[in-house]
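Spelled out, the chains give:
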Amino acid sequence: MTPTHGGTAVADEAKTLINDFSIEVATVNGSGSQTANNTLMRSIFRMGVPVSGKNLFPSNISGLPTWFQIRANHRGYVARKHDIDLMICMNAETAKEDVTKLKPGAICLYDEPLKLNGLRDDLIWYPVPFQQIVSASCPEPKLHKLVKNMIYVGVAAQMLDIDMAEVAEAIARQLKGKQKAIEMNQAAAQAGFDWASTHMPAQQRLKIRRDNKTEGQIIIDGNSACAMGALFGGVTVVAWYPITPSSSLVETLIEYGKRHRVDPATGQTTMAVIQMEDELASAGVIIGAGWAGARSMTATSGPGISLMSEFIGLGYFAEIPSVFINVARMGPSTGLPTRTSQGDIELCAKASHGDTLHICLYPGSMEECFQFTYESFDLAERFQTPVFVVTDLDLGMQNWMSKPFAYPERAQDRGKVLTEAQLAEVQDFARYRDADGDGICARTLPGTPGGKGAYFTRGTGHNERALYSEKPEDWKGNIDRLRRKFDTAKAFVPKPLLEGSGSRNGILAYGSSDPAVKEARDLLAEQHGRHLDYLRVRALPFTEEVEAFIREHDAVYVVEQNRDAQMASLLRFFYPEFSTRLKSVLHYDSTAINAQTLVDQINAFEK
């Protein structure tokens, strides 16, 4: 077999891209492709090359198209790449569309019966008889469908010079504990490698060379990192209702609890995880648990936050600690459950009716998913309020390279909780009295002996003694104090991170946009001579550093993955005097953001 190509491809083939290209695999959901794709990604990672993997999958169980993009980059760029360098076409339904989107000179490895090489003359084509290879390598016909995908892992390994020993180890890791499956998949990958060695001429367009840039790194998804953070944060009550893309967070937390939260005497887990009948009930459970003194949380997505908003308002006004992890997806309504978005920024900031402002944390890495989750429990208890950890599908469900997490050093902060001894020294306990001006009142836990700290917990108007009141001065005083408490949180939430100093214009972003922004800044500087400072916001309330950054730049490009510029709207709400300086750079087509999109929009503004 020889590859076919057009003139453009021949010209481009002379340039070898080493440890710097993207692979996209087009398959069918439910065909076992996830194992194969993760194996290919991990094999590159094991070769010491920085890598990331993004799965674009349908919201049904099986049968619809799915795509998986692997980004290898020696400089450590892990955002989705705009262009695809190697396409592996395994799905007849999408093959024509998949080929159409490729740039001239790209390589297309495809299932031979699809006969794609007649569609374009500016690509490099590699037809592979996958069924023939799998039939020869796997003696059980009923398993052919599941191991067929592993054939392309072996073929790609041969094309790209990936060490097959690393492929074998990656398969063993993916299928840990399933020896027969490990051996069968390793045989299939080797069969693909051997066939390619015999039948395919060497290509020099894309190559993987062993490097040492992943030493000491791990690959993990944000939901797993948040689950680990919750465990370290001391969570004891979890109430949830399954919803994509947050379900794996609680499922992983359950598994962690079985291993690390077990009473040695009884063998029972010391953490209660309750699947409720809906999201509203889940919110009610964690508000009640927080009132009783437990560290409580739920994990959900935008539709769940919408349903929970009534209880969130109760938690805010009655001042009860709880943690809400929102793994955002594309909305409104049911939207696209398996596509990513930063469309819940305003929803979480002001969840519930009336005047509400919530503490929100915006992690932008796996380390921060872990760190911000365990810190959210401290913030919830110190400020006696619901706290939101706002991620998205891209952070939560995709594969990210990360440093191992640092063990939390400081003790848990439970805030102003009065013990029996402290209550005995209080002359006149008033639950909602602000004794020191920071907006935070002392609270008691139900069951504290002595009876001195008893009070009514209510969501209606109340005075500082927690007694029902409709007096305007009581209502206004309470609402103003809650705002004062929110402002006090500025000194406790994670501060923004600044890169660069002194440029006329700057970029402001948050969350999963961070990798694309970092790459875009380099592209703007190297290719267009534009140098832009960068501030990554990590929490609401905004700290003084955010105001200073906007004040010190003529224009601030606010990068976000939603249509309505929700972060920019919040910035204008808090800093109306700087409204005209904020320029929105938006990406909301449901795919993960990429650097080239940012470069194009920022260049348009700059010109």
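Please refer to the structure placed before this passage.
Please read all numbers here as calculations on a predicted model, not as lab measurements.

**Re the sheet that holds strand β22 (residues 582-586)**
Whether parallel or antiparallel, the strands of a sheet pair through hydrogen bonds between backbone atoms.
So, step 1. Ordered in space as β17-β19-β18-β21-β22, the five strands form an open sheet in which the pairing is mixed. Either end of the sheet is taken by a strand with one partner, and the two such strands are β17 (497-499) and β22. Ignoring which end each strand starts from, the neighbouring axes of this sheet average 25° apart.
So, step 2. As defined by bridge partners, strand β18 (residues 505-510) adjoins strand β19 (residues 533-537) across five bridges and the pair is classed as parallel. Residue pairing in the sheet places Tyr510 in a bridge with Val537 of β19.
So, step 3. In this fold helix α19 (residues 566-574) packs onto β18, β21 (555-560) and β22, with an angle of close to 135° to the strand it touches most, β21.
So, step 4. Here helix α20 (residues 595-606) sits on the sheet in contact with β18, β21 and β22, set at roughly 150° to β22.

**Re the sheet that holds strand β12 (residues 296-300)**
So, step 1. Pairing within the open sheet is mixed, and its seven strands lie in the order β11-β10-β12-β13-β15-β14-β20. Two strands bound the open sheet, and with one partner strand each, they are β11 (272-275) and β20 (539-540).
So, step 2. Sheet topology places β12 next to strand β13 (residues 322-328); four bridges connect them, and they run parallel. In the strand pairing of β13, Thr300 is matched with Asn326.
So, step 3. Its contacts with the sheet put helix α9 (residues 247-260) on β10 (237-240), β11, β12 and β13, and the angle it makes with β10 is roughly 145°.

**Considering the packing of aromatic side chains**
So, step 1. Applying the stated criterion across every chain, the model contains 16 aromatic pairs.
So, step 2. On the numbers, 5.2 Å between centres and 35° between planes, the contact of Phe317 with Trp475 is tilted. Here Phe317 is found in helix α11 (residues 302-318), whereas its partner Trp475 is found in helix α16 (residues 472-488), with 158 residues between them in sequence.
So, step 3. Judged by its relative accessible area of 7%, Phe317 falls in the buried class.
So, step 4. Residues Tyr432 and Tyr455 carry aromatic rings whose centres are separated by 6.4 Å and whose planes lie at 80° to one another, so their mutual orientation is edge-to-face. Here Tyr432 is found in the loop between α15 (420-424) and α16, whereas its partner Tyr455 is found in the loop between α15 and α16, with 23 residues between them in sequence.
So, step 5. Residue classification places Tyr432 among the buried positions, given a relative accessible area of 3%.
So, step 6. Joined through ring pairs, the aromatic side chains of Phe232, Phe370, Tyr374, Phe405 and Tyr407 make up one cluster.

What counts, and where the lines are drawn
- Residues numbered from 1 in each chain as written.
- Predicted model: local features only at pLDDT ≥ 70, side-chain atom pairs only at ≥ 80, totals over all residues.
- Heavy atoms only, no water.
- Pairing = 2+ DSSP bridges.
- Helix = DSSP H or I, 4+ residues; strand = E, 2+ residues; numbered from the N terminus.
- Axes fitted to C-alpha atoms, helices over the stretch in contact; angles between N-to-C directions.
- Contact = heavy atoms within 4.5 Å.
- Phe/Tyr/Trp six-rings, centres within 6.5 Å; stacked < 30°, edge-to-face > 60°.
- Buried < 20%, exposed > 50% of the residue type's maximum accessible area, 1.4 Å probe, protein only.

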